[in-house]
Amino acid sequence: LLEEEKDDISIFVRIPPQLHGTARHCGTFQITYHAKDVVKTRIVHVKEVDQCKLPDTHPYSHQCNRYARCIFLPGQCDYTCQCAVGFEGNGFGPDGCKDVTPPVFAYDGPDPFIRQQCEICGEQIAKPDLTLPVITRAYDTTPLGKVDVSDRIVLETRPSDLGDDCLLHHYTVKDDSGNEASRLLNVCLVVEDMRTVILELQAMYHWQMWLIRSTAFVFFLAFVLFCIWEFGHFVASCVRVFLGVGASHDDKDIAYSLWYKVTHPFAPREDIRQYVNQKTLLEDEDDYDSEEEEEEDESSEGIPIDV
């Protein structure tokens, strides 16, 4: 436009399809502007820029979907978007990748699933509800990780082909993209009489108690034999000294040493030895006096008395 032309005018811009607002090809392009009787031509030089490396806040950053990977095309001044595994689409824009993978139920248990009914001698203790859900967890796999969709699980029940004691569970769950997963599971009731289990537990209890008592008796007997082997002569010495029957000097030494150690647990060895020597010496003197008296009595009995 000329500088002296001050009035506003409408401009219809025809851009070559190679640009599309943002350059898709590198090189030099000619752009022509038509404004009524005025025609202007501009030459545009497009330089190659890796838009995949531009930050998201940049006005010319790539427009790939959040679930797509930006791939730069060197030499073409362009890029393309590739959707992640489990998604379909061209990868451009918020609707460029559509999730086509259904959710997954987090269950790897048996089929049929068994619920037990307990009875004792024919009397029912508890009857389980076959309509209660068995599968309670499900998740949707995305490139950003697993998304929990457990609260969307829908359960429908109907009779099972396995019999009257079974019920067929039909589980369905949908993700945000509308993909639906379905799972069939038979739930059966099995009656178990607890009397047999109780008898088996009782027999096992008696066997274990017998084994424990036998083991305890063997250990106790071994302990008694060990004590007799190690400390029997000490006990025998103490008994002989206490009863005064054939107690030797060594018996007295052992008995008095033990007695002093019991009554004086912190006494030094010298005190123990002194006490034992005193007791032994006194008893030896008493024994010596007793022997002399007995000899005198015997000698006196053997002397004739003159009348």
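Draft legend 1. Structural context of the overall build of the protein chain. On a plain count of helices and strands, the protein chain comes out with three helices and 15 strands. The 307 residues of the protein chain split such that 23% are buried. Of all intrachain contacts in the protein chain linking residues separated by at least 6 positions in sequence, the fraction that spans at least 24 positions is 42%. As displayed, the protein chain has an accessible area near 22800 Å², and 56% of this comes from carbon and sulfur atoms.

Draft legend 2. Focus on the pattern of salt bridges. One pass over the structure, following the stated rule, counts two salt bridges. In this structure, aspartate 253 engages arginine 273 in a salt bridge whose closest nitrogen and oxygen atoms are separated by 2.2 Å. With a gap of 20 residues between them, aspartate 253 in helix H2 (residues 249–263) and arginine 273 in helix H3 (residues 269–302) connect regions that are remote in the sequence. By relative accessible area, which is 35% here, arginine 273 ends up partly exposed.

Draft legend 3. Region of the structure containing the confidence of the model for the protein chain. Chain-level pLDDT for the protein chain is 79 on average; 79% of the residues reach the 70-or-more range. Between residues 1–21, whose pLDDT stays under 50, and residues either more than four places distant or in other chains, the model counts 21 contacts.

Draft legend 4. Summary view of the nonpolar core. One finds Phe105, Val134, Ile135, Tyr171, Val173 and Leu185 to be the most contacted residues of the largest nonpolar core, which totals 14 residues. Counting residues per element, the ones that place at least two in this core are strand E14 (166–174) and strand E15 (180–193). The biggest single contributor to this core is E15, with four residues. Here valine 134 is in contact with Tyr107, Phe113, Arg115, His169, Tyr171, Leu185 and Val187, once residues within four sequence places are set aside. With nine residues, the next largest nonpolar core counts Tyr67, Cys70, Cys81 and Cys83 among its residues.

Draft legend 5. Inspection of the pairing of strand E5 (residues 78–83) at higher detail. By the bridge criterion, six bridges tie strand E4 (residues 68–73) to E5 in an arrangement that is antiparallel. Bridging across to E5, alanine 68 finds its partner in cysteine 83. Between the end of E4 and the start of E5, which pair antiparallel, lie four residues, with glycine 75 showing a positive phi angle near 85°.

Draft legend 6. Fine view of the packing of aromatic side chains. Under the counting rule described, the total for this entry stands at five aromatic pairs. Seen from their ring centres, tyrosine 79 and phenylalanine 92 are 5.7 Å apart, and the 45° between their planes marks the pair as tilted. Remark: phenylalanine 92 occurs in the loop between strand E6 (87–88) and strand E7 (98–99) and tyrosine 79 occurs in strand E5; sequence separation between them is 13 residues. You can call phenylalanine 92 partly exposed: its relative accessible area is 31%. Here lysine 146 stacks its cationic end above the ring of tyrosine 139, 4.3 Å away from the centre of that ring.

Draft legend 7. Summary view of the state of the cysteines. Inspection of the entire model under this criterion finds four disulfides. Sulfur-sulfur distance for the disulfide between cysteine 166 and cysteine 188 comes to 2.0 Å. Between cysteine 166 and cysteine 188 the sulfur-sulfur dihedral comes to about 110°; the bridge is accordingly right-handed. Here cysteine 166 is found in strand E14, whereas its partner cysteine 188 is found in strand E15, with 22 residues between them in sequence. Sequence-ordered numbering of the bonded cysteines in the protein chain yields a pairing of 1-3, 2-4, 5-6, 7-8.

Draft legend 8. A look at unusual backbone geometry. Along the chain, aspartate 111 connects to proline 112 via a cis peptide bond; the corresponding omega equals 10°. Of note, proline 112 is situated in the loop between strand E8 (104–105) and strand E9 (113–120).

Conventions and cut-offs
- Residues numbered from 1 in each chain as written.
- Predicted model: local features only at pLDDT ≥ 70, side-chain atom pairs only at ≥ 80, totals over all residues.
- Heavy atoms only, no water.
- Helix = DSSP H or I, 4+ residues; strand = E, 2+ residues; numbered from the N terminus.
- Buried < 20%, exposed > 50% of the residue type's maximum accessible area, 1.4 Å probe, protein only.
- Contact = heavy atoms within 4.5 Å.
- Areas by Shrake-Rupley, 256 points an atom, 1.4 Å probe, with all protein chains shown as cover.
- Salt bridge = Lys/Arg side-chain N within 4 Å of Asp/Glu carboxyl O.
- pLDDT = per-residue confidence, 0-100.
- Core = buried A, V, L, I, M, F, W, Y, C linked by side-chain atoms within 4.5 Å.
- Pairing = 2+ DSSP bridges.
- Phe/Tyr/Trp six-rings, centres within 6.5 Å; stacked < 30°, edge-to-face > 60°.
- Lys NZ or Arg CZ within 6 Å of the ring centre and 35° of its normal.
- Disulfide = S-S within 2.5 Å.

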